[in-house]
Amino acid sequence: MPRSAALCAVIFVGGCFFQADYNGGPYACPDGKCPSGLVCSAQQLCLPQDAPTTDAVDAPDIDARVPAFTCADPGSFPATGGNATGTTAGKPFNMSSLCGGFVMNGPDAVYKIPVTAGKRLTVSIDAGGRKAYVVAACVVSPNTPACLGNSFAKLGNPITVMPAAGDAFVVVDDEFAAGQGDYTLSVTVTN
């Protein structure tokens, strides 16, 4: 008998087992998506359909589903904006945009934000070489859509753009294929 199995048998007379009960708390749903049978509440928690939505419940730091951060499966910001942290390391080379005279060819992370008419997005990024920009439509390479305002945000230099009403896409990218790493992205929505 392997040593770990023997130790298990000695400590637990009945043998080794694993039991987990996740019924103690809801999933968080900042992307508005929940597991089957649950709905996302106003507090961004996955709750049963008949659960009261006014109770404030502490949510664990897990999400019902992690997006791929691609055009087909973007991360999401609420219409009020917000912050996101992540990495482009290991992400696909999903899209290439033309911004400020540069073609963004690095691995990227894509976020979607719903925008109402007349709203401005201010995008800032805290990352070494990574850039952030906004496009009206998320299309994959080899297409190269122009970023809104023909500019990108970089460390210390935010951008402000006014997208058309509908979904806008905020992309973390780099002009160099090897330009990848951690980032903190901030999107502020104003009139």
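Report on the accompanying structure. (Residues numbered from 1 in each chain as written. Predicted model: local features only at pLDDT ≥ 70, side-chain atom pairs only at ≥ 80, totals over all residues. Heavy atoms only, no water.)

**Re the state of the cysteines**
- Counted by the stated rule, this structure contains 2 disulfides.
- With a sulfur-sulfur separation of 1.9 Å, C71 is cross-linked through a disulfide to C138. The chirality of the disulfide connecting C71 with C138 is left-handed, given an S-S dihedral of about -70°. Separated by 67 residues along the polypeptide, C71 in the loop between β2 (46–48) and β3 (75–76) and C138 in the loop between β9 (131–135) and β10 (159–161) bring together distant segments of the chain. (Disulfide = S-S within 2.5 Å. Helix = DSSP H or I, 4+ residues; strand = E, 2+ residues; numbered from the N terminus.)

**A word on the environment of G149**
- The residue G149 is located in the loop between β9 and β10 in this model.
- Between the C-alpha atom of G149 and that of G100, which follows or precedes it by 49 residues, the distance is 8.6 Å.

**What about the packing of aromatic side chains?**
- The full count for this structure, using the stated rule, is 4 aromatic pairs.
- A ring pair is formed by Y111 and Y183, whose centres lie 6.5 Å apart and whose planes are at 85°; its orientation type is edge-to-face. Residue Y111 is located in strand β7 (residues 109–115), and its partner Y183 is located in strand β12 (residues 182–190); the two are separated by 72 residues in the primary sequence.
- A network of ring pairs unites the aromatic residues F69, F77, Y111 and Y183 as a single cluster. (Phe/Tyr/Trp six-rings, centres within 6.5 Å; stacked < 30°, edge-to-face > 60°.)

**Observations concerning the pattern of salt bridges**
- Counted by the stated rule, this structure contains 2 salt bridges.
- For D174, the salt bridge goes to K131, with nearest N and O atoms at 3.8 Å. Of this pair, D174 sits in the loop between β11 (166–173) and β12 while K131 sits in strand β9, and the two are 43 residues apart along the sequence.
- Since its relative accessible area comes to 10%, K131 is described here as buried.
- Notably, a salt bridge pairs K131 with E175, separated by 3.0 Å at the nearest N-O pair. You can see K131 sitting in strand β9 and its partner E175 sitting in the loop between β11 and β12, a full 44 residues away along the chain.
- With a relative accessible area of 16%, E175 lands in the buried category.
- By sharing partners, the salt bridges in this structure join K131, D174 and E175 into a single network. (Salt bridge = Lys/Arg side-chain N within 4 Å of Asp/Glu carboxyl O. Buried < 20%, exposed > 50% of the residue type's maximum accessible area, 1.4 Å probe, protein only.)

**Examining unusual backbone geometry**
- With an omega of 15°, the peptide bond between S141 and P142 qualifies as cis.
- One non-glycine residue, F69, lies in positive phi territory at about 60°.
- Secondary-structure assignment places F69 in the loop between β2 and β3.
- You can call F69 buried: its relative accessible area is 16%.
- Phi at N150 takes a positive value of approximately 50°, unusual for a residue other than glycine.
- Along the chain, the position of N150 falls in the loop between β9 and β10.
- Since its relative accessible area comes to 46%, N150 is described here as partly exposed.

**A few points about the sheet that holds β7**
- If you walk across this open sheet you meet the 4 strands as β3-β7-β11-β9, and the pairing is mixed. Because the sheet does not close on itself, it has two edges, and the strands there are β3 and β9.
- The pairing of β9 with β11 spans 5 bridges and is classified as antiparallel. Note that in β11 the partner of K131 across the bridge is D173. (Pairing = 2+ DSSP bridges.)

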